[in-house]
Amino acid sequence: SGTIARLYDLNITRAELEETLAGIANQRLFPLRNHARMISLYEIYDRYDIAEVLNGNRVMKCMEEEIEYAVQKRWIEPQKNIHG
């Protein structure tokens with residue numbers, strides 16, 4: 001997860017992450033297709049997911065898959081990310 005990589009960049013140790021993280025949520029905003037409104041896509045990790053990421057494994061939930069799903073459903077246009 002990019003979030004965990006950024007925490008490592010802040011010199012937070014793996015042990016500190018394991019002891020303190022209960023969950024991680026990542027939100028990105030996109031304009032709805034053909035609308036002036038926005039849609040939020042979320043990536044949410046619980047303790048199990050965090051442990052998997054810390055062990056170098058990929059978890060099933062990831063923001064890229066959420067974005068791809070939203071594009072397939074035609075909710076958003078490809079490459080229209082506002083934040084993130």
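The rules behind each value
- Residue positions within a chain follow its written sequence, with the count starting from 1.
- In keeping with the model being predicted, local features are shown solely for residues with a pLDDT of at least 70 and side-chain atom pairs are shown and tallied solely at 80 or more, while totals for entire chains, interfaces and linings include all residues.
- The side-chain figures draw on all heavy atoms in the structure; neither hydrogens nor water molecules are used.
- Where helices and strands are cited, they refer to DSSP runs of H or I of at least four residues and of E of at least two residues respectively, numbered from the N terminus.
- Residue contacts are counted whenever heavy atoms from the two residues lie within 4.5 Å of one another.
- All accessibility values rest on the Shrake-Rupley procedure with a 1.4 Å probe; residue burial counts only the protein chains present in the view.
- Salt bridge, as used here: a side-chain nitrogen of Lys or Arg that lies within 4 Å of a carboxyl oxygen of Asp or Glu.
- Throughout this description, buried means an accessible area under 20% of the type-specific maximum (1.4 Å probe, protein chains only), exposed means over 50%, and partly exposed covers the range between.
- The definition of a nonpolar core used throughout is a set of buried Ala, Val, Leu, Ile, Met, Phe, Trp, Tyr and Cys residues joined through side-chain atoms within 4.5 Å.
- Think of it as the arc spanned by the lines of direction from the helix axis to the C-beta atoms.
- N or O atoms closer than or at 3.5 Å make up a polar contact, with two conditions inside protein: a donor-capable atom paired with an acceptor-capable one, and, for residues adjacent in sequence, both atoms drawn from side chains.
- Two strands make a pair as long as DSSP finds a minimum of two bridges between them.

Moving on, we come to the overall build of the protein. Counting secondary structure elements, the protein contains four helices and two strands. In the protein, the order of α-helices and β-strands from amino to carboxyl end is α-α-β-β-α-α. Sequence-distant contacts, at least 24 apart, represent 48% of the contacts inside the protein between residues at least 6 apart. Surface summary for the protein: the accessible area is close to 6,000 Å², and the carbon and sulfur share equals 51%.

Here we come to the pattern of salt bridges. Evaluated as defined, the whole model comprises two salt bridges. For R14, the salt bridge is made with E18, and the minimal N-O distance between the two is 2.8 Å. Here the residue R14 and the residue E18 both occupy positions in helix 2 (residues 14-20), the gap between them amounting to four residues, near one helical turn. For E18, a relative accessible area of 42% puts it in the partly exposed group. Salt-bridge contacts for E77 lead to R33; the nearest nitrogen and oxygen are separated by 3.0 Å. Separated by 44 residues along the polypeptide, E77 in the segment after helix 4 (63-72) and R33 in the loop between strand 1 (23-31) and strand 2 (38-46) bring together distant segments of the chain. Residue class for E77 comes out partly exposed when judged on its relative accessible area of 27%. Look at R33 and you get buried, because its relative accessible area is 18%.

Counting ten residues, the largest nonpolar core consists of I4, L7, L17, L21, I24, Y45, I50, V53, L54 and V59. Looking at this core, the element that brings in the most residues is helix 3 (residues 47-54), giving three residues. By size, the runner-up hydrophobic cluster in this structure holds eight residues, among which are F30, L32, L41 and I67.

Attention now moves to helix 3. Within helix 3, burial applies to D49, I50, V53 and L54. The buried residues of helix 3 occupy one face: seen down the axis, they fall within an arc of 135 degrees. Residue D46 occupies the N-cap position of helix 3, its side-chain oxygen lying 3.1 Å from the main-chain nitrogen of Y48. Positive backbone phi, at 85 degrees, marks G56, one or two positions downstream of helix 3.

Looking now at the pairing of strand 2. Taking every second residue as pointing to the same face, the buried face of strand 2 carries I39, L41, E43 and Y45, while none of M38, S40, Y42, I44 and D46 on the other face is buried. With nine bridges joining them, strand 1 and strand 2 adopt antiparallel strand pairing. Looking at strand 2, one finds that A25 is bridged to I44. Hairpin connection, strand 1 to strand 2: the antiparallel pair is bridged by six residues, and N34 has positive phi, about 60 degrees.

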